[in-house]
Amino acid sequence: MKALLAAILTLLVAAPAFAGDCILDNCADRQPLPEAQASPAGGFARGGGFGRGVWRGGGASGDFDFYVLSLSWSPSFCETTGSRRPSAQCAPGANPGFVVHGLWPQNDNGYPSQCSGDSDLPYSVLSRLGDLYPDPGLARHEWRQHGLCSGKPPAGYFADVRAARDSIVVPPALKAPQGDQRMAPLDIQRAFMAANPRLRAGMMAVTCRRGAFQEARFCLSKDLRNFVACPQVAREGCRGQSVVVPAGQ
């Protein structure tokens, strides 16, 4: 009997949290963040990574399989984390819609991070990123954490970020909505696939937090010319029946 009770207790403790309870990509049902992946001052973190436990710090620069472009839905961020600190992104009337969270080198199983190289982001590059990232601290963090693994210099990597963002067509339902919407995560994916004809199921993920739409993530080839299948990334999406898509202020 004691052995049976112990086994039941173990299962209860190990049970994952609700799959949709994610802050950006740091989901409640994943392992705690390694110290090196703690959230930067800007409030963003790519915690845990895709593949749980296969994050590889200090990897070889340029050694990865494809990119993940993550676009964060700004109104959701501003209603949660962003509301706790002053931010032009979250100022009344700003409402930028989608903002770039990151362009991440990714492997079929896990991802590299914090690769070797010069982690300083030159001001000559940073000063041109204001229309890409909502916060310069996020741009610096993304370079240190992920950009160094691209195998490109800062100017080349952020040119790729811009090209990746510009390659995504935002569906009409998510262009400056006039009011909050309730949508199924699958319908958000279908809207993106309708707006981007080469995008297929299994090539993107929709993430959410506590019933609110958080991010759309797209898997792109290393040359950014094609969407690619990414089963591990796709499995990390939220699985709720519907999510709120806030319109912002």
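Higher on the page you've got the structure.
Only a predicted model underlies this, so the values are computations on that prediction, with no experimental measurement involved.

**Structural notes on the packing of aromatic side chains**
Stage number 1. Within this structure, the stated rule accounts for ten aromatic pairs.
Stage number 2. When the ring of Phe-64 is compared with that of Tyr-67, the centres are 4.9 Å apart and the planes differ by 55°; the resulting orientation is tilted. Tyr-67 carries the same exposure label as Phe-64, and that label is buried.
Stage number 3. Where Phe-98 meets Phe-213, the ring centres are 6.0 Å apart and the plane angle is 75°; that geometry is what we call edge-to-face. Here Phe-98, found in strand S5 (residues 98-106), pairs with Phe-213, found in strand S9 (residues 212-220); they are 115 residues apart in sequence, far enough to count as distant.

**Thoughts on the state of the cysteines**
Stage number 1. Tallied over the entire structure, the rule returns two disulfides.
Stage number 2. Paired by a disulfide, Cys-115 and Cys-149 hold their sulfur atoms 2.1 Å apart. Residues Cys-115 and Cys-149 are joined through a disulfide that is right-handed, its torsion about the S-S bond being 100°. Taken together, the residues Cys-115 in the loop between strand S6 (112-113) and helix H3 (123-126) and Cys-149 in the loop between helix H4 (136-145) and helix H5 (154-167) connect sequence positions 34 residues apart.
Stage number 3. On the basis of relative accessibility, which here comes to 0%, the residue Cys-149 falls in the buried class.
Stage number 4. Each sulfur of the disulfide joining Cys-219 and Cys-230 lies 2.0 Å from the other. When the S-S torsion is 90°, as for the bridge of Cys-219 with Cys-230, the disulfide is right-handed.

**With respect to the pairing of strand S4 (residues 66-73)**
Here is the key point about a regular strand: its side chains alternate between the two faces of the sheet.
Stage number 1. Within S4, eight of the eight residues are buried, which leaves the element mostly enclosed by the surrounding structure.
Stage number 2. Residue alternation in S4 divides its side chains into two sets, Phe-66, Val-68, Ser-70 and Ser-72 and Tyr-67, Leu-69, Leu-71 and Trp-73, and both sets are buried.
Stage number 3. Where S4 lies against S5, eight bridges are found, and the strand directions are antiparallel. Pairing of Leu-69 across the sheet is with Leu-103, part of S5.

How each quantity is defined
Residues numbered from 1 in each chain as written. Predicted model: local features only at pLDDT ≥ 70, side-chain atom pairs only at ≥ 80, totals over all residues. Heavy atoms only, no water. Phe/Tyr/Trp six-rings, centres within 6.5 Å; stacked < 30°, edge-to-face > 60°. Buried < 20%, exposed > 50% of the residue type's maximum accessible area, 1.4 Å probe, protein only. Helix = DSSP H or I, 4+ residues; strand = E, 2+ residues; numbered from the N terminus. Disulfide = S-S within 2.5 Å. Pairing = 2+ DSSP bridges.

Everything listed is a geometric property; what it means functionally is a separate question.
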